[in-house]
Amino acid sequence: MREQIELRAVDIESLIGQEHPARVIWGYVEGLDLSELEDRVKARENTPGHPPPSPRLLLALWLYATSDGVGSARALARLCENHDVYRWLCGGVSMNYHTLSDFRVGCADLLDRLLSEHLAALSKAGLVDLEKLTQDGVRIRANAGTGSFRREATLDRQMAQAQAIVEELKREVDADPEASNRRIRAARERAARERSERVQAAQAALAEIKRKRKQLDEKGGNGKKPKEPRASTTDPQARVMKMADAGFRPAYNVQVASAAGELIVVTVDVDNNGSDRGLMRPMLERTRSLLGCFPRRHLVDGGFCSAEDIEWAHGKGVDVYCPPTQSRSGIDPYLPRPGDSPGVLAWRARMASEDGKAQYRARTICECIHARWRNWDLRQLTVRGIDKVRAVVLWFALTNNILQGHRLAKT
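Predicted, not measured: the structure shown is a model, and the values here were computed from it. (Residues numbered from 1 in each chain as written. Predicted model: local features only at pLDDT ≥ 70, side-chain atom pairs only at ≥ 80, totals over all residues. Heavy atoms only, no water.)

### Examining the packing of helix 1 (residues 21-30) against helix 15 (residues 386-410)
Inference 1: At a closest axis distance of 10 Å, the pairing of helix 1 and helix 15 adopts a crossing angle of 105°. As judged from the angle between their axes, helix 1 and helix 15 are roughly perpendicular. Residues Pro 21, Val 24, Ile 25 and Tyr 28 of helix 1 touch helix 15, and the partners they reach there are Leu 398, Ile 402, Leu 403 and His 406.
Inference 2: Grouping the amino acids of the contact of helix 1 with helix 15 by side-chain chemistry returns 7 nonpolar, 1 polar and no charged. (Axes fitted to C-alpha atoms, helices over the stretch in contact; angles between N-to-C directions. Helix = DSSP H or I, 4+ residues; strand = E, 2+ residues; numbered from the N terminus. Parallel < 35°, antiparallel > 145°, perpendicular 65-115°, else oblique. Contact = heavy atoms within 4.5 Å. Nonpolar A, V, L, I, M, F, W, Y, C, P; charged D, E, K, R; others polar.)

So this is what it looks like as structure tokens:
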């Protein structure tokens, strides 16, 4: 009798088990100091305005949604109505998708702080060693189509068309006495203006691409004939990169530093450079600002191999473990070469030793973090721009550390 109406009494507390991950996340969120978010709430008791949902609830919802592979605010709002786990988290509070969406990309500073504080707590408890770190990059598909990339001549033409439309609509709005038609034309003007702004951002991105190419040419180039540069009108900061399947698609290069041998993220960064070369030094400087000191050992794969970065790290007391590039001439890459600096000589000798190779084996564990994020459906981004992309990646990093730290504490 599926058409029969039932009246049920529901005990929300018993909807999920005692060992459910949602309880782990809620237990973590309950102990946080979120006064910086709570102070932003303008609707107070005995004052106008509808009371917004607690930032504590918003934080817990997105942390659990991240581990559940939910990346859409609309989908999360629907789950809060009909899914037992999300109903347990909400406890009868209704959610609005727009509030959820704004919160997800608007608290990157808070996520950075929480990630650092949680990492410090794990280190203090002796659950993680921060003297030996690994770094790895993963390319994540951007929220932009390949067809959105335009050459300079096309961007200039689109910019001229958009500006002409904006000016024409402005004149129509001023001359039209009918309010309804005026509102319609104002909406069209806004759409044209936003289009113009996107094209302008793409032109700025194109200029940056040209500048980097000029720097590369001054250093001798890469031996390939360069194609005419293009930029996306959808997400100007995205770049076409070679992906893991050897295909080329718009993406971002997400850099992850983690504790060697453990699935604990130390920090993350987002870049739009398709190569990992040259990204080791910025990550080491970032970890120093977070931890107060450089790690003693830093493990990276061959894509990060840069003599300049290795020498700089040597001067800071950091031993880099990175496999040397194989030479086409067949020369042993571990042998010293003319012009090698002291740091590079020490690195070659270190990687040639059995102890160095044994130390480097711990790097492969960090790739399990990327695999876990893939299982959480971090395959294509639903946001645009480096700042928003970094905010989304921070959700994955913090969720990873909460659940993994809970497992370490139990063992």
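### A few points about helix 4 (residues 73-82)
Inference 1: Inspection of helix 4 places Ala 73, Leu 76, Ala 77, Leu 79 and Cys 80 among the buried residues, and these make up the whole buried set. Down the axis of helix 4, the buried set is contained in an arc of 160°. They therefore lie on one face. Of the residues in helix 4, the exposed ones pointing more than 90 degrees away from the buried face are Glu 81 and Asn 82.
Inference 2: As for helix 4, its buried residues are in contact with helix 3 (55-67), helix 5 (84-90) and helix 6 (97-105).
Inference 3: The opening residue of helix 4, the one whose side-chain oxygen lies 3.4 Å from the backbone nitrogen of Arg 74, is Ser 72. (Buried < 20%, exposed > 50% of the residue type's maximum accessible area, 1.4 Å probe, protein only. Arc of directions from axis to C-beta. Polar contact = N/O pair within 3.5 Å; in protein donor to acceptor, adjacent residues only side chain to side chain.)

### Quick look at the environment of Leu 408
Inference 1: With respect to the helices, strands and loops of the structure, Leu 408 is situated in helix 15.
Inference 2: Under the relative-accessibility criterion, Leu 408 is labelled buried at 17%.
Inference 3: Spatially, the C-alpha atom of Leu 408 lies 9.5 Å from that of Glu 262, the residues being 146 residues apart in sequence.
Inference 4: When sequence neighbours within four positions are dropped, the list of residues in contact with Leu 408 reads Leu 127, Glu 262 and Ile 264.

### Observations regarding the state of the cysteines
Inference 1: The final tally for this structure, using the stated rule, is 0 disulfides.
Inference 2: Free of any disulfide, Cys 305 has its nearest cysteine sulfur in Cys 322, 4.1 Å distant. (Disulfide = S-S within 2.5 Å.)

### Details of helix 6
Inference 1: Buried within helix 6 we find Leu 100, Phe 103 and Arg 104. Projected down its long axis, helix 6 carries its buried residues within an arc of 100°, all on one side.
Inference 2: Those residues of helix 6 that are buried lie in contact with helix 2 (35-38), helix 3, helix 4 and helix 15.
Inference 3: For helix 6, the side-chain oxygen to backbone nitrogen distance between the N-cap and His 98 is 2.8 Å, and the N-cap itself is Asn 96.

Scope: geometric values only; no functional claims are made or implied.
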